[in-house]
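# Architecture at a glance
Chain by chain, the residues run as shown.
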Amino acid sequence: MRGEKLELLAHVVSVAAAPLRNLVACVERCHLEARTVVAAAYAAGLSVLGDDEIDRGCLVIDMGGGQTGLAHFAGGKLALVEQVPYGGEHVTADLAWGLSTSRSHAERIKNLFGNVQWRSCDDSSRIEVPLLGDRADQPTGEYPRTRVTQIVRARVEEIFLLAQDRLREHG
């Protein structure tokens, strides 16, 4: 056989072998068969995008607990998978620190009141926060809702800027 030109379109995602083997073994111990393993951002993209969106081109940002995954689809194919090492757990930690409360209360505040849009709150709207050492049923702290928005927005902006940098690296 003879050829003049060889083209290859490949997308490589690397992962540490030991944790992946442990995960697959765990699934198989539950009497399930893992046929294939895919990147979480890719799976998220397939679950939320229609065929026309994948053809036209879309960027899926999958904010997980410890990291944020990026999946860029273009021309009906996956063009890029990347990740940023920050996610929702970092937002929770920022809230816990910024509001002087426990991580569990910070998680609840994030889920109930977390937002990045200024128009969704004002300084007159206040949130009762159990401070460190308080009993949950008798909170002594109180913050304007805009403080929660400031904290959440700062971390999410950082995550998006890091994502933008990753995308620029790949053109």
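What this report covers is the structure whose coordinates are included nearby. Not measured: the values here are computed from a predicted model.

Here the focus is the sheet that holds strand β3 (residues 77-84). Read from one edge of the open sheet, three strands run β1-β2-β3, paired in antiparallel fashion. Two strands close off the open sheet at either side, each with one partner strand: β1 (58-63) and β3. With strand direction ignored, the average angle separating the axes of adjacent strands in the sheet is 15°. With seven bridges connecting them, strand β2 (residues 68-74) and β3 associate as antiparallel partners. Bridge pairing in β3 links Ala71 to Val81. Set on the sheet, helix α6 (residues 145-169) makes contact with β1, β2 and β3; between it and β3 the angle comes to about 130°.

With that settled, consider the packing of aromatic side chains. A full pass over the atoms with the stated rule returns one aromatic pair. Here the aromatic rings of Tyr42 and Phe73 are separated by 6.0 Å at their centres, their planes lie at 20°, and the arrangement is stacked. Of this pair, Tyr42 sits in helix α2 (residues 40-48) while Phe73 sits in strand β2, and the two are 31 residues apart along the sequence. Note on Tyr42: relative accessible area 26%, which makes it partly exposed.

Turning next to the side chain of Lys110. Within the secondary structure, Lys110 sits in helix α5 (residues 103-113). Within polar-contact distance, the side chain of Lys110 engages the backbone oxygen of Gly88 at 3.1 Å. There is a polar contact of 3.3 Å between the side chain of Lys110 and the side chain of Glu107. Those residues in contact with Lys110, other than ones at most four positions away along the chain, are Gly88, Val91, Thr92 and Leu95.

A separate point is the nonpolar core. With twelve residues, the main nonpolar core is built from Val91, Leu95, Ala96, Leu99, Ala106, Ile109, Ile127, Val129, Val148, Ile151, Val152 and Val156. Every element with two or more residues in this core is listed here: α4 (88-99), α5, β4 (126-129) and α6. When near neighbours in sequence (up to four residues on either side) are disregarded, Val152 contacts Val91, Leu95, Gly114, Asn115 and Val116. In this structure, Ala41, Leu49, Ile54 and Cys58 belong to the second largest nonpolar core, which totals seven residues.

Taken together, the side chains of Leu59, Ile61, Met63 and Phe160 present a nonpolar region at the surface, about 330 Å² in accessible area. Structurally, the position occupied by Met63 is in strand β1. With a relative accessible area of 34%, Met63 lands in the partly exposed category.

About the criteria used
Here the residue index of a chain counts from 1 through its sequence in written order. Per-residue local features are limited, in this predicted model, to residues with pLDDT of at least 70; the limit for side-chain atom pairs, both in listing and counting, is 80 or more; totals at the level of whole chains, interfaces and linings are taken over all residues. Working from all heavy atoms in the structure, the side-chain values ignore hydrogens and water. Two strands pair if DSSP finds at least two bridges between them. Runs of E in the DSSP output that reach at least two residues are strands. Runs of H or I that reach at least four are helices, and both are numbered from the N terminus. Every axis corresponds to a line fitted to the C-alpha atoms, with the helix fit spanning only the stretch in contact, and the corresponding angles, defined between N-to-C directions, vary from 0 to 180 degrees. Residues count as neighbours in contact if any of their non-hydrogen atoms are within 4.5 Å of one another. Each Phe, Tyr or Trp ring (for Trp, its six-membered ring) is paired with any other whose centre lies within 6.5 Å, and the angle between the two planes then decides the class: stacked below 30 degrees, edge-to-face above 60, tilted in between. The rule is simple: take the accessible area with a 1.4 Å probe, protein chains only, and divide by the maximum for that residue type; under 20% is buried, over 50% is exposed, in between is partly exposed. For this analysis, a polar contact is any N or O atom pair within 3.5 Å, provided that within protein one partner can donate a hydrogen and the other can accept it, and provided that sequence-adjacent residues contribute only side-chain to side-chain pairs. For this analysis, a nonpolar core means a set of buried residues of the types Ala, Val, Leu, Ile, Met, Phe, Trp, Tyr and Cys, connected via side-chain atoms within 4.5 Å. Patch definition: residues with relative accessible area over 30% and no salt bridge; like charges joined within 9 Å; nonpolar side chains (Val, Leu, Ile, Met, Phe, Trp, Tyr) joined within 5 Å. In these tables, accessible area is a Shrake-Rupley quantity obtained with a 1.4 Å probe, and a residue counts as shielded only by the protein chains included in the view. Every case where a carboxyl oxygen of Asp or Glu lies within 4 Å of a side-chain nitrogen of Lys or Arg is listed as a salt bridge.

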